[in-house]
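Listed below, chain by chain, are the residues.
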Amino acid sequence: MLEIKNLYAEIEGKSILKGLNLTLEKGKVHAIMGPNGSGKSTLSKAIVGHYEVKVTDGDIIYKGNSILEMEADERALEGIFMSFQNPIEVPGVNNAYFLRTALNAKREHEGKTQLNAAEFLKLMRVQLEQLGMKKDMIQRSLNDGFSGGEKKRNEILQMEILQPSVIILDEIDSGLDIDALKAVAEGINRIKSPERTFLVITHYSRILDYIKPDYIHILQDGQIVKTGGPELVEALEAEGYKIVGKES
Amino acid sequence: MKTLSKGTLVDLLKSYRTETRQTDALEHFDTLGLPGNKTEQYRHFSIKPILAKSYTIANIPNVTPQSGEYIEIVDGVVVRVPDSITLTIETAPQFDDSHFDALYYAGHAASETCIAITVTNDVKIKIHHRITQSEALLTYRIALNVEKNVHAQVYETFENSSQAEGSLVLYGYDINVNAYATLQWIRNQSIEDKHNVLLGSHQITVADNAAMKLRTYDFGAGSALHLYKIDLQEHADLQSTHLVYATSHAARGNVLHISHRGRYSKSVQEAKYIINDHATGIFDGLIKIEHDAKFSSTRQNSKAMLLSAHGGARMYAKPQLEIYTDELEASHGSSTGQLDEKQIFYLRSRGISIIEAKKMLILAFAHELMEYVEDEIIIQEIETAFDVAHNSASKEK
Ligand SMILES: Nc1ncnc2c1ncn2[C@@H]1O[C@H](COP(=O)(O)OP(=O)(O)OP(=O)(O)O)[C@@H](O)[C@H]1O
Ligand SMILES: [Mg+2]
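All values reported here derive from a predicted model rather than from experimental measurement.

**Brief notes about the overall build of chain B**
Part 1 of the reasoning: Summing up its helical and strand segments, chain B has 7 helices and 22 strands in all.
Part 2 of the reasoning: In terms of C-alpha radius of gyration, chain B reaches 21 Å, essentially the compact-globule figure of 21 Å for 397 residues.
Part 3 of the reasoning: Taking the principal axes of the C-alpha coordinates as reference, chain B spans close to 70 × 55 × 45 Å.
Part 4 of the reasoning: A buried classification covers 57% of the 397 residues belonging to chain B.

Following this line, the structure appears as structure tokens:
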């Protein structure tokens, strides 16, 4: 579904991804673990077309085509979604209006009719309840003054509304309390389907207990150094990243 | 009667020297001198070519206004007035004798008459200005007197006939908000036409325990500068908010001299400027706390957002505070920034186009100042005008 080939990328002239290869399969959940600073967020940013990341070599193939030349909004319209490790606060932009604009952009791209404010709010009601979000959250400014956990839930809300095909979750579990973690994991499980691919970046096994990954990849120093099944998580938990041979 | 048919503003003023009326105003004008590029309040407006230009001198015809839903002023002439409003044409209008702006006096000296509106009961008034002449010099003054205890709202709008260009409009208000009265003055000045220049030179007195809310919305590609001298008496309360969206080669600005004269007087000023393309924004706010204005408070803040990528947009913000008393509260600040790249990216990463993302962020910056207006219909008109200005600006990345 998404193929990353020999990817080299830099940020601010610093080389971060160094020949990374990874294939994300349709209908599967891939988890990436790796030490701080190894390039996990850089990889997700490269996939969604973040302006900070400069790809210097290699390619990213999605639906058979290279996406490197596509703008971030085009990639999103084609179904690529990333939840931000640190969601951005946007004071003055109403959350509901933002969500509706995003959804309508997607619907327009797919040749569907636009939803008006009333239709949209109706759709939202169920989603909010499922995620355990207070109703007033969508009438506030986007992420403005949201707590860490509220921001993460809002990311999942966006994911559920936009129904993307490739879903990258960058540390969606960090900073969440037990209930929030459960709500977020349930949200993810709700939209799991044979048509979707997940790339879950995490430092902890807890979220993986809920969402059951098919593959675990270990990213170290800009490369995928090991790939395995769920059993890899236990080994990592017990021994740390020395199981891949390098000390970090 | 005006005899001159063509000339500069100075030519017009000179022609008055043969007449006896309003020599007083002319004297003040001479004392201050013709504004040039070195004159503080016009420094960034390039006033020189505007004043050097020769215009057709409009002859103000005698028109009996019709009854209508709002006050309509066409090229300086009142053509329509609601029956409920007391409006007279006065021949010897009063003016302030210590205004900082020479063009305030030029306006008075050049206007044979003055449109005088006296507000005696709570009312909402709309004043619509229409400019139809080309290459003309149009000067007119409006005196607005809000009587004691009266609460009034004045909503001012502007329209340019499509063929009218190259004119200079020199107008302005003399406003008295009397004791315990309140005036909300909303100006929605959207000029898409690039070719007329508008200068407004105003004098406002807010009397004891009176309140003035000055809400201005200046959008578009046309150039305009508004200059205000505002005096605050004891317990007077001024809130002034200024939203500017300047596009193309426009110069848009507000110059305010606010004097706290009475004790416990209060002023709050908030300005937000969005400057696109090659436009210039000017916010010059001088606040004086006079010796007798003990226990006064003042707060001033201006924020500007420069949008053009190639550095063509400019902002000149000059907050100034002069204090001649000791017991007071004062704060001021100004900042200039750009759209936040991180925020743009966040919106785009959800499939929102760059054009739409930028628009959302620009609106987020501006919207607070639109919400101060209480009238829903007026807010909608302002939002529409904002949209028009935004859509006409170039969409350079
Ligand atoms: N904007 C930036 N400017 C300079 N260096 C950066 C920037 N963003 C990331 N880096 C550097 O790139 C490297 C990889 O960062 P990245 O965020 O991809 O790591 P990560 O694997 O996601 O780490 P973590 O587990 O801590 O989130 C780090 O050394 C980081 O300091
Ligand atoms: Mg990271």
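Continuing now.
**Some points on the overall build of chain A**
Part 1 of the reasoning: Along its length, chain A carries 8 helices and 12 strands.
Part 2 of the reasoning: Radius of gyration (C-alpha) of chain A: 18 Å, near the 18 Å computed for a compact globule of 248 residues.
Part 3 of the reasoning: For chain A, the C-alpha atoms occupy an extent of roughly 55 × 40 × 35 Å along the three principal directions.
Part 4 of the reasoning: Put simply, chain A has 248 residues, and 52% of those count as buried.
Part 5 of the reasoning: In chain A, once contacts between residues fewer than 6 apart in sequence are set aside, the share between residues at least 24 apart is 68%.
Part 6 of the reasoning: Taking the 31 positively charged and 37 negatively charged side chains of chain A as two groups, their mean positions are separated by 4 Å.

**Re the interface of chain B and chain A**
Part 1 of the reasoning: Listed as interface residues are 18 residues of chain B and, on the opposing side, 30 residues of chain A.
Part 2 of the reasoning: Between chain B and chain A lies a buried interface of about 2,000 Å² when both sides are counted; carbon and sulfur atoms form 67% of it.
Part 3 of the reasoning: Connecting chain B to chain A are 3 salt bridges.
Part 4 of the reasoning: A salt bridge links B:R348 to A:D73; its shortest N-O distance comes to 2.8 Å.
Part 5 of the reasoning: Applying the counting rule to chain B against chain A returns 10 residue pairs in polar contact (both at pLDDT 80 or more).
Part 6 of the reasoning: By residue number, the principal contributor to the side of chain B that touches chain A is helix α5 (residues 341-348) of chain B, which donates 7 residues.
Part 7 of the reasoning: Here the residues of the side of chain B that touches chain A sort into 8 nonpolar, 4 polar and 6 charged.

**Comments concerning the nonpolar core**
Part 1 of the reasoning: Counting residues in hydrophobic clusters, the biggest one holds 111 residues, and the most contacted among them are A:L43 and A:I188.
Part 2 of the reasoning: Residue contributions to this core peak at 10 residues, all from helix α6 (residues 354-370) of chain B.
Part 3 of the reasoning: Excluding residues within four positions of it along the chain, A:I188 makes contact with A:I156, A:M159, A:L169, A:I172, A:F198, A:I207 and A:I211.
Part 4 of the reasoning: In terms of nonpolar packing, the next biggest core, distinct from the first, is built from 61 residues, B:L138, B:A181, B:A271 and B:F283 among them.

**Description of the sheet that holds strand β3 (residues 29-33) of chain A**
Residue and element names in this part refer to chain A.
Part 1 of the reasoning: An order of β6-β9-β10-β3-β11-β12 is seen for the 6 strands of this open sheet, with the pairing classed as mixed. Sheet topology places β6 (80-83) and β12 (223-228) at the edges, where each strand pairs with a single neighbour. Direction aside, neighbouring strands of the sheet carry axes that sit 20° apart on average.
Part 2 of the reasoning: Pairing of strand β11 (residues 215-220) with β12, which is carried by 5 bridges, proceeds in the antiparallel orientation. The partner of I216 across the bridge, within β12, is G228.

**Thoughts on the coordination of the magnesium ion (ligand 2)**
Octahedral metal centres with six donors ideally show angles of 90 or 180 degrees, and tetrahedral centres with four donors ideally show 109.5 degrees.
Part 1 of the reasoning: Taken together, the protein donors to the magnesium ion (ligand 2) comprise A:S41 (OG) and A:Q85 (OE1), at separations of 2.0 to 2.1 Å. Separated by 44 residues along the polypeptide, A:S41 in helix α1 (residues 40-48) and A:Q85 in the loop between β6 and β7 (90-94) bring together distant segments of the chain.

**A short note on the packing of helix α3 (residues 95-109) of chain A against helix α5 (residues 148-162) of chain A**
Residue and element names in this part refer to chain A.
Part 1 of the reasoning: Two elements in contact, α3 and α5, have axes separated by 10 Å at closest approach and are oriented at 30°. It follows that α3 is roughly parallel to α5 by the angle criterion. At the point where α3 passes α5, the crossing takes the right-handed sense. Side by side, α3 and α5 meet where N95, F98, L99, A102, L103 and K106 of the first sit next to N154, L157, Q158, I161 and L162 of the second.

**Let's talk about a negative patch on the surface**
Part 1 of the reasoning: On the surface, A:D209, A:E231, A:E234 and A:E237 cluster together into a negatively charged patch.
Part 2 of the reasoning: Top element by residues in the negative patch is helix α8 (residues 231-239) of chain A. It accounts for 3 residues.

**Side note on the sheet that holds strand β22 (residues 328-337) of chain B**
Residue and element names in this part refer to chain B.
Part 1 of the reasoning: With respect to topology, 11 strands assemble into an open sheet ordered β3-β5-β4-β8-β10-β12-β14-β16-β18-β20-β22, the strand pairing being mixed. Either end of the sheet is taken by a strand with one partner, and the two such strands are β3 (66-67) and β22.
Part 2 of the reasoning: Pairing of strand β10 (residues 151-160) with strand β12 (residues 182-191) involves 7 bridges; the strand directions are parallel. For H151, the partnering residue across the bridge sits in β12 and is T182.
Part 3 of the reasoning: The strands touched by α6 within the sheet are β14 (211-220), β16 (237-246), β18 (266-275) and β20 (296-306), with β18 carrying the most contacts at an inclination of about 150°.

**Focus: the site of ligand 1**
All names here are of chain A.
Part 1 of the reasoning: Surrounding ligand 1, one finds 16 residues, the nearest of these being G37, K40, S41, T42 and H203.
Part 2 of the reasoning: Between ligand 1 and G39, the relevant distance is 3.0 Å, taken from an oxygen atom to a main-chain nitrogen or oxygen of the residue.
Part 3 of the reasoning: In this structure, H203 approaches ligand 1 through a side-chain N or O atom, which is 2.8 Å from an oxygen atom.
Part 4 of the reasoning: Bound to the protein, ligand 1 loses 69% of the 640 Å² it would expose on its own.
Part 5 of the reasoning: Of the residues forming the shell around ligand 1, the biggest block, 3 residues, is contributed by α1.
Part 6 of the reasoning: The residue makeup of the shell around ligand 1, split by class, is 3 nonpolar, 8 polar and 5 charged.

**With respect to the pattern of salt bridges**
Part 1 of the reasoning: A full pass over the atoms with the stated rule returns 28 salt bridges over all chains.
Part 2 of the reasoning: Put simply, A:K26 and A:E195 hold a salt bridge, and the shortest N to O gap is 3.4 Å. Of this pair, A:K26 sits in the loop between β2 (14-24) and β3 while A:E195 sits in the loop between α6 (178-191) and β10 (197-201), and the two are 169 residues apart along the sequence.
Part 3 of the reasoning: B:R130 is paired through a salt bridge with B:E72; the nearest N and O atoms lie 2.8 Å apart. Taken as a pair, B:R130 in strand β8 (residues 123-131) and B:E72 in strand β4 (residues 71-74) lie far apart in primary sequence, 58 residues in all.
Part 4 of the reasoning: Given the relative accessible area of 23%, B:R130 is considered partly exposed.
Part 5 of the reasoning: Using a relative accessible area of 5% as the deciding quantity, one classes B:E72 as buried.

Thresholds applied
Residues numbered from 1 in each chain as written. Chains lettered and ligands numbered in written order. Predicted model: local features only at pLDDT ≥ 70, side-chain atom pairs only at ≥ 80, totals over all residues. Heavy atoms only, no water. Helix = DSSP H or I, 4+ residues; strand = E, 2+ residues; numbered from the N terminus. Rg over C-alpha atoms; globule rule 2.2 N^0.38 Å. Buried < 20%, exposed > 50% of the residue type's maximum accessible area, 1.4 Å probe, protein only. Contact = heavy atoms within 4.5 Å. Lys, Arg positive; Asp, Glu negative; His and termini not counted. Charge placed at Lys NZ, Arg CZ, Asp CG, Glu CD. Buried area = accessible area lost by both parts, 1.4 Å probe. Salt bridge = Lys/Arg side-chain N within 4 Å of Asp/Glu carboxyl O. Polar contact = N/O pair within 3.5 Å; in protein donor to acceptor, adjacent residues only side chain to side chain. Nonpolar A, V, L, I, M, F, W, Y, C, P; charged D, E, K, R; others polar. Core = buried A, V, L, I, M, F, W, Y, C linked by side-chain atoms within 4.5 Å. Pairing = 2+ DSSP bridges. Axes fitted to C-alpha atoms, helices over the stretch in contact; angles between N-to-C directions. Donors = N, O, S within 2.8 Å, 3.2 Å for Na, K, Ca; no water. Parallel < 35°, antiparallel > 145°, perpendicular 65-115°, else oblique. Left-handed = near helix turned anticlockwise from the far one by under 90°. Patch = residues over 30% accessible without salt bridge, like charges linked within 9 Å, V, L, I, M, F, W, Y side chains within 5 Å. Areas by Shrake-Rupley, 256 points an atom, 1.4 Å probe, with all protein chains shown as cover. Near = heavy atom within 4 Å.

Coordinates in, geometry out; function isn't part of it.
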